[in-house]
Amino acid sequence: MSTVIVTGSSGLIGSEAAKFFHAHGFDIVGIDNNLRAYFFGQDGSVDWNATALSAALPRFRHMSIDIRDGGAIEALFQSIGKDIALVVHCAAQPSHDWAAREPMTDFTVNATGTLVLLEATRKFAPEAVFIFTSTNKVYGDTPNTLPLVETATRWELDASHPWAERGIDETMSIDQTKHSVFGASKVAADVMVQEYGRYFGLPTCCLRGGCLTGPNHAGVELHGFLSYLVKCNLEGREYRIYGYQGKQVRDNIHSVDVAGFMFEFYQAPRAGEVYNLGGGKDNSCSIREAFAMAEACTGRKQVHTYVEQARSGDHICYYSDLRKMRAHYPRWQLTRSLPRIFEEIVAAWQQRIPAP
C-alpha cells in the first residue's frame, strides 16, 4: 500500500488531504505538533482535529514531529522509504502579523522546515510527488499597484486591465515588493520547492493559495478569514476591519477542491510547477460582502469596528486566474460555490460552539 505523508495534517488543508487520499486507498502519515496553539492560543489549537482523524481513518497514523527536526523527519522518511508516493506539505506559520513578532520562528518553520522535508524526500523517496501549499503573499503588495476601481461594497480591478475578467496569473513578479515577514519566508520555501523540481528533477509544485477555507478551519483573528468572521457572527463577537473600508477582496476556495487538485497533480505530476490556487472571481468577496452573506445564513447582525490602519502588505483586491490549472488538469473543477461555502462553515461552527 502506498503512503501519503501530510504535514500540518490537523489543519484545514492537511486534514482535508488526509481524508481525501485515505478515501482513495492510501495509508496516511500525518505530521502535526500543534504549533498553531503556540501561534494563536487555545482557540487556534487543532488537537481536536487530530483526534477526529485518528478515530475516523483506520489507515491514518499521527506523528507529533516538528518539521524543523531534521533527525526525526529523516528517520520517519527512511522508515517508510520508497513506499512514499506523495508528500503534501501544509505545515506553516500562516499569519502576517504573528510573523513580525518572531521572524526567526516564522522563517525556520516556513523555509527551513520546507527544506528539511524536500531533502528527506530527495534522499529516501525521490520518486514521490511533492506538493507545497504556498501563498499568494509571495507576490507581496504588487497586486496593489494594479489599477483599481472602488464600488459601493468592494474594490475591483479596472476593466481596462487584462487581468480584470479572469484574475491575477502566475506571470506576476515576486521581486522588488513588500511581502511582509511571512510572505518573505514563504517566498524562500516556494523558490526552493521549484528548485528541487527544476534542478534535481523531483516532481514538485507550489500552490499559491488565496483564501483556502472550509468547515474544519479553526479560524482566529490572525488567520482564517471566513471561518473567523462566521465565528464572530455566531458569538456576537466584535470583528475588526483593518483598513480599505472593508472593501478588500479575496477569492475563496473550499478545502475539498484544494484536495481535488492535489489528486489531479499527483496522477500527472510536473517538475517545479507553480499555480495560483483560489476560487476565482466568481468565488470572490469583500469583507463587507462577507458580512452580508454571513448575516443571511445566520440571521444575526455582524458586530464590527473599523481600524483605519491597514495590515502591512495586505492585498486590496486579489482573485486568482485559474486558467493554467484548468489547462494542465482539465478534469479539475470547483465544486463549492461561495454561498455553499458559507453554509458549510456556519453549520460547522454551530456544532462546535457550546450552547449558551
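Residues numbered from 1 in each chain as written. Predicted model: local features only at pLDDT ≥ 70, side-chain atom pairs only at ≥ 80, totals over all residues. Heavy atoms only, no water.

1. Here's the deal with the overall build of the protein chain
The following threshold applies: Counting from the N terminus, the helices are DSSP H or I runs at least four residues long and the strands are E runs at least two residues long. Partly exposed describes any residue whose relative accessible area lies between the buried limit of under 20% and the exposed limit of over 50%, with all areas from a 1.4 Å probe on protein chains only and scaled to the type maximum. Contacts are residue-level and defined by heavy atoms, with any inter-residue pair within 4.5 Å sufficient. Only the protein chains shown count as cover for residues, and the accessible areas themselves come from Shrake-Rupley with a 1.4 Å probe. Counting rule for charge: Lys and Arg are taken as positive, Asp and Glu as negative, and neither His nor the chain ends is counted. Where a charge lies is defined by one atom per residue type: Lys uses NZ, Arg uses CZ, Asp uses CG and Glu uses CD.
For the protein chain, the helix and strand inventory stands at twelve helices and 14 strands. In terms of overall dimensions, the protein chain has a C-alpha envelope of 55 × 50 × 40 Å along the principal axes. Expressed as a percentage of the 356 residues in the protein chain, the buried residues total 59%. Put simply, 83% of the contacts in the protein chain that link residues at least 6 apart link residues at least 24 apart. Taken as a whole, the protein chain presents about 14100 Å² of accessible surface, with 52% of it coming from carbon and sulfur. In the protein chain, 34 positive and 39 negative side-chain charges are present, and the distance between their average locations comes to 2 Å.

2. Quick notes on the sheet that holds strand E11 (residues 249-254)
Selection rule: Two strands pair under a simple rule: DSSP has to find at least two bridges between them. All axes are obtained by fitting lines to C-alpha atoms, using only the stretch in contact for helices, and the reported angles, taken between N-to-C directions, cover 0 to 180 degrees.
A sheet is described by the order of its strands in space; here three strands give the open sequence E9-E11-E13, paired in mixed fashion. Because the sheet does not close on itself, it has two edges, and the strands there are strand E9 (211-213) and strand E13 (284-286). In this sheet, adjacent strand axes meet at a mean angle of 40° when their direction is disregarded. In the sheet, E11 pairs with E13 via three bridges, with the strands oriented antiparallel. Within the sheet, the bridge partner assigned to Asp-251 lies in E13 and is Ser-284.

3. Describing helix H7 (residues 180-198)
Inclusion rule: A helix's residues, less one, multiplied by 1.5 Å, set its expected span.
In this model H7 runs 27 Å from its N-terminal to its C-terminal C-alpha over 19 residues, within 8% of the 27 Å that 1.5 Å per residue would give. Buried residues belonging to H7 abut helix H5 (96-101), helix H6 (103-124), strand E5 (129-133), strand E8 (204-209) and strand E12 (273-277).

4. Some points on the pattern of salt bridges
Pairing between side chains of opposite charge can happen when their charged atoms approach one another. The condition that has to hold: Salt bridge, as applied in this entry: a Lys or Arg side-chain nitrogen positioned within 4 Å of an Asp or Glu carboxyl oxygen.
Counted according to the given criterion, the structure contains 19 salt bridges. Arg-208 serves as the salt-bridge partner of Asp-190, at 2.9 Å between the closest nitrogen and oxygen. Here Arg-208 lies in strand E8 and Asp-190 lies in helix H7, a separation of 18 residues in the sequence. Like Arg-208, Asp-190 is buried. One connected set of salt bridges, linked through shared partners, spans Arg-154, Glu-156 and Glu-289.

5. Overview of the side chain of Ser-320
This is how the line gets drawn: N or O atoms within 3.5 Å of each other form a polar contact, as long as, within protein, one can give a hydrogen and the other can take it, and as long as residues adjacent in sequence are counted only when both atoms are side-chain atoms.
For Ser-320, the position within the fold is in the loop between strand E14 (304-307) and helix H11 (323-328). There is a polar contact of 2.9 Å between the side chain of Ser-320 and the side chain of Asp-251.

6. A word on the packing of H6 against H7
In plain terms, the rule: An angle below 35 degrees is treated as roughly parallel, one above 145 as roughly antiparallel, one from 65 to 115 as roughly perpendicular, and anything else as oblique.
Interhelical geometry of H6 versus H7 gives an angle of 10° and a closest axis separation of 8 Å. Judged on the interaxial angle alone, H7 and H6 are roughly parallel. For the pair H6 and H7, contact is made by Pro-103, Asp-106, Phe-107, Asn-110, Ala-111, Thr-114, Leu-115, Leu-118, Glu-119 and Arg-122 and by Val-181, Phe-182, Ser-185, Lys-186, Ala-188, Ala-189, Met-192, Val-193 and Tyr-196, respectively.

7. Topic: the layout of surface pockets
Rules: Method remark: on a 1 Å grid restricted to protein atoms, a set of points is classed as a cavity if a 1.4 Å probe fits but cannot get out and as a pocket if it is open with protein on both sides within 12 Å along at least five of seven lines; lining residues have an atom within 4 Å of a point. Grid points are joined across faces, edges and corners, and a volume is the space filled by probe spheres set on the points. Three categories are distinguished: nonpolar for Ala, Val, Leu, Ile, Met, Phe, Trp, Tyr, Cys and Pro, charged for Asp, Glu, Lys and Arg, and polar for the others, with Gly belonging to the last.
In this structure, the largest pocket encloses a volume near 210 Å³. Along the walls of the largest pocket sit Glu-165, Arg-166, Gly-279, Gly-280, Lys-281, Asp-282, Ser-320, Asp-321, Leu-322, Arg-323, Arg-326 and Leu-334, which together make up its complete lining. Grouping the amino acids of the lining of the largest pocket by side-chain chemistry returns two nonpolar, three polar and seven charged.

8. Some thoughts on the sheet that holds strand E4 (residues 84-89)
The pairing of strands in a sheet comes from backbone hydrogen bonds and takes either a parallel or an antiparallel form. Spatial ordering of the open sheet is given by E3-E2-E1-E4-E5-E8-E12, a layout of seven strands whose pairing is parallel. Only two strands of the sheet have a single partner each, and these edge strands are strand E3 (60-63) and E12. Direction aside, the axes of adjacent strands within the sheet are offset by 15° on average. Strand direction decides the pairing type here: strand E1 (residues 3-7) and strand E2 (residues 27-31), joined by five bridges, are parallel. From the neighbouring strand, Ile-5 faces E2, where its bridge partner is Val-29. This element, helix H1 (residues 12-23), spans E1, E2, E3, E4 and E5 of the sheet and lies at about 170° to E1.

9. Observations regarding the side chain of Ser-134
On the secondary structure map, Ser-134 appears in the loop between E5 and strand E6 (148-150). Polar side-chain contacts of Ser-134 include one of 2.7 Å to the side chain of Asp-190. Non-local contacts of Ser-134, meaning those with residues more than four positions away in its chain, are made with Lys-186, Asp-190, Cys-206, Leu-207, Arg-208 and Gly-209.

10. With respect to the packing of aromatic side chains
The description of an aromatic ring pair rests on the distance of the ring centres and on the angle between the ring planes. Test applied: Side-chain rings of Phe, Tyr and Trp, where Trp is taken by its six-membered ring, are said to pair if the distance between their centres is within 6.5 Å; with planes under 30 degrees apart they count as stacked, over 60 as edge-to-face, and otherwise as tilted.
On inspection of all chains with the given rule, the structure shows 21 aromatic pairs. With a centroid separation of 5.8 Å and an interplanar angle of 65°, the aromatic rings of Phe-20 and Phe-21 are classed as edge-to-face. Ring centres of Phe-261 and Trp-332 lie 5.5 Å apart, and the angle between their planes is 80°; on these two criteria the pair is classed as edge-to-face. Taken together, the positions of Phe-261 in helix H9 (residues 255-267) and Trp-332 in the loop between H11 and helix H12 (338-352) put the pair 71 residues apart, joining distant regions of the chain. The burial state of Phe-261 is the same as that of Trp-332; both residues are buried. Here the aromatic residues Phe-20, Phe-21, Phe-26, Phe-263 and Tyr-266 are joined through ring pairs into a cluster of three or more.

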